[in-house]
Amino acid sequence: MTKFKLPAIPIVVLIILSANSSVGHRYFEFDSSWPDESVPDLQLHGTAIAPDYENNLVVLNRGSRHAIPDRNLTIDEDIVTVLDHETGKVLRTWGRNLFHHPHGIETASNGDIFITDSHLHQVFKFAYIPETKLWNNESIMTLGERLVNGSGRYHFYIPADVAIEPDTENFYVADGYGNTRVVKFDRCGNYILEFSAGSSDGSAPIPFNIVHMLTVAVRHTPTANRALRRSAANQDIVVAVADRDNFRIQYFSGNGSFLYEQTSAQLGTPNTFLMSVAHVDVNPREAPYNADVDAEFGIVYAVDLGTFAIPPVVIEIGVGWSEPSIISQFSTNISDPFLRRGAAHDIAVSKNGEEVYVVVSNSSSLIIKRFQMKVESSATRSVLMSSLFMFIMTYLSSALLTQ
């Protein structure tokens, strides 16, 4: 009797698809239709982005000039642009004659915004006005002394970014380019503590080398004792810090205790600056993520600078208390000259986690790219599985008839 061999590769694929037929494949796809085509025509130097409470994108920029030589002057153009989440069109602008060199922006749940000005060495908070959907021109909080750098409790040296605890409204300042620390304040702007870089192997820590951006992750199921969040333990908070020129992310508890870090090698990115991090409050174990990771603090998205040869990479990270887990990553490799016109500077993620945004700096026009989450239907896999099954059955029938 003539022996025949089964088609091994199709059978293996069939087994894999059968095991995963109920789980759709998830990925991010570049959205070429967003923002509106009028936005790249804006002669603005983008620098930072954050979603507002309506899930629109708030964009911080430096006007039509990347830098103003005279630090006594302010930008005589609006430095905040709000883009519609659906259409990508400009909804409104705000903020002229207030800033010299704005760098980072953060939005509060009530619409208020924080903005850092790295050349003024100051951090500002502005109240949101629901009637106009803009902000008051007079800040309701100003930390730091104008044009005076320092390392005291209420002085900064080129501050870069702000991140807010959603429950307590305490906030953290990335300080920054001149100092090598993160400073924590309560909701009223009173100093609480500060912390510097940690070490994962017990050796002397390598100091931060530009604390560029940071974000706050909150535990999904907070501890029963609400007061614990306000105590020294702070076990319901993880602060992720983009340590730019050390090519790494370091993670800390709410009281500044070092937890762990991810180096560029662990992140799977080339040795380029680690530019920014952003958090979304989702459970990675649930659909559409279906990730087998311990990540009770949700997901942090990170982006590196990229190089002329390698576009910036976005890394999706599940954050736990004891360790992080890389869920996926994708390249921002797209058809237009993304890198030749600038480099990735900040990242943001929509409230539901379905869109990731990257903004470019060092460009004469406003460049923002959106990547949308897509889930390949399980039905698509079922069709493929059925086709493979029919192929194998046909092959077997043919083989048996020739015996």
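This text goes with the structure placed above it.
Residues numbered from 1 in each chain as written. Predicted model: local features only at pLDDT ≥ 70, side-chain atom pairs only at ≥ 80, totals over all residues. Heavy atoms only, no water.

### Notes on the nonpolar core
Core analysis: the biggest nonpolar cluster contains 20 residues, and Val80, Trp94, Phe99, Ile105, Ile115, Phe126 and Trp135 have the highest contact counts within it. With near-sequence residues (within four places) excluded, phenylalanine 99 lies in contact with Thr74, Ile75, Ile79, Trp94, Ile115, Asp117, Phe124 and Phe126. (Core = buried A, V, L, I, M, F, W, Y, C linked by side-chain atoms within 4.5 Å. Buried < 20%, exposed > 50% of the residue type's maximum accessible area, 1.4 Å probe, protein only. Contact = heavy atoms within 4.5 Å.)

### Focus: the pattern of salt bridges
Under the definition given, this model contains 16 salt bridges. Notably, a salt bridge pairs aspartate 78 with arginine 96, separated by 3.2 Å at the nearest N-O pair. Taken as a pair, aspartate 78 in the loop between β3 (57-61) and β4 (80-83) and arginine 96 in the loop between β5 (90-94) and β6 (102-107) lie far apart in primary sequence, 18 residues in all. The buried category is assigned to aspartate 78, whose relative accessible area is 17%. The partner of glutamate 169 in a salt bridge is arginine 187, and the shortest N-O contact between them spans 3.5 Å. Of this pair, glutamate 169 sits in the loop between β12 (159-164) and β13 (171-175) while arginine 187 is found in the loop between β14 (181-185) and β15 (191-195), placing the two residues 18 residues apart along the sequence. Glutamate 169 sits in the partly exposed class, given a relative accessible area of 34%. With relative accessibility at 44%, the residue arginine 187 sits in the partly exposed group. Ionic contacts of the salt-bridge type, sharing partners, join the residues Glu54, Arg92 and Lys133 into one network. (Salt bridge = Lys/Arg side-chain N within 4 Å of Asp/Glu carboxyl O. Helix = DSSP H or I, 4+ residues; strand = E, 2+ residues; numbered from the N terminus.)

### Topic: the pairing of strand β17 (residues 237-243)
Successive side chains on a regular strand alternate, one facing one side of the sheet and the next facing the other. The element β17 is extensively covered by neighbouring structure, given that seven of its seven residues are classed as buried. Residues Ile237, Val239, Val241 and Asp243 of β17 are buried on one face, and the alternating residues Val238, Ala240 and Ala242, pointing to the opposite face, are buried as well. For strand β16 (residues 211-218) and β17, the ladder comprises seven bridges, and the chain directions are antiparallel. Among the inter-strand pairings, valine 218 is bridged to a residue of β17, identified as isoleucine 237. Examined bridge by bridge, β17 and strand β18 (residues 248-253) share six bridges and lie antiparallel to one another. Within β18, the residue paired with aspartate 243 across the bridge is arginine 248. Remark: four residues form the turn of the hairpin made by β17 and β18, two consecutive strands paired antiparallel; phenylalanine 247 in that turn has positive phi of roughly 55 degrees. (Pairing = 2+ DSSP bridges.)

### A closer look at the sheet that holds strand β19 (residues 258-263)
The antiparallel open sheet is built from four strands, whose spatial order is β16-β17-β18-β19. In the strand order of this sheet, the two ends are held by β16 and β19, each with one partner. Across the sheet, the axes of successive neighbouring strands diverge by a mean angle of 20 degrees, strand direction being ignored. (Axes fitted to C-alpha atoms, helices over the stretch in contact; angles between N-to-C directions.)

### Side note on the sheet that holds strand β26 (residues 368-376)
Backbone hydrogen bonds hold the strands of a sheet together, and the pairing may be parallel or antiparallel. The four strands lie next to each other as β1-β26-β25-β24, forming an open sheet whose pairing is antiparallel. The open sheet is flanked by β1 (25-30) and β24 (343-349), the only strands paired with a single partner. The average undirected angle you get between the axes of adjacent strands in this sheet is 25 degrees. The pairing of strand β25 (residues 355-361) with β26 spans five bridges and is classified as antiparallel. Note that in β26 the partner of valine 359 across the bridge is isoleucine 368.

### A word on unusual backbone geometry
With an omega of 0 degrees, the peptide bond between tryptophan 34 and proline 35 qualifies as cis. If you trace the backbone, proline 35 turns up in the loop between β1 and β2 (46-51). Within the chain, phenylalanine 247 stands out as a residue other than glycine whose phi angle is a positive 55 degrees. You can see phenylalanine 247 is positioned in the loop between β17 and β18.

### Regarding the pairing of β3
Burial within β3 is extensive, with five of its five residues counted as buried. Judged from the five bridges that link them, β2 and β3 form a sheet pairing that is antiparallel. Within β3, the residue paired with alanine 48 across the bridge is leucine 60. With antiparallel pairing between neighbouring strands as the criterion, β2 and β3 make up a hairpin whose turn holds five residues, including asparagine 55 at a positive phi of roughly 75 degrees. Alignment of β3 against β4, held across four bridges, turns out to be antiparallel. The residue of β4 that forms the bridge with leucine 60 is valine 80.

### Here's the deal with the environment of alanine 163
Take alanine 163: it is sitting in strand β12. With a relative accessible area of 0%, alanine 163 lands in the buried category. Residues alanine 163 and alanine 108, spaced 55 residues apart in sequence, show a C-alpha to C-alpha distance of 9.2 Å. Ignoring anything within four residues of it in the chain, the contact list for alanine 163 reads Glu106, Asn170, Phe171, Tyr172, Leu214, Thr215 and Val216.

### Regarding the side chain of aspartate 236
Structurally, the position occupied by aspartate 236 is in the loop between β16 and β17. Residue classification places aspartate 236 among the buried positions, given a relative accessible area of 1%. In terms of polar contacts, aspartate 236 uses its side chain to reach the side chain of arginine 219, at 2.9 Å. (Polar contact = N/O pair within 3.5 Å; in protein donor to acceptor, adjacent residues only side chain to side chain.)

### Some points on the environment of threonine 116
Along the chain, threonine 116 turns up in strand β7 (residues 113-117). Spatially, the C-alpha atoms of threonine 116 and proline 102 are 5.7 Å apart, while their sequence positions differ by 14 residues. If we skip the residues at most four places from it in the chain, threonine 116 touches His101, Pro102, His103, Gly104, Gln122, Val123, Pro159, Ala160, Asp161 and Val162. Looking at threonine 116, its side chain comes within polar contact range of the main-chain nitrogen of glycine 104, at 2.9 Å.

Read these as layout, nothing more, since geometry by itself doesn't imply function.
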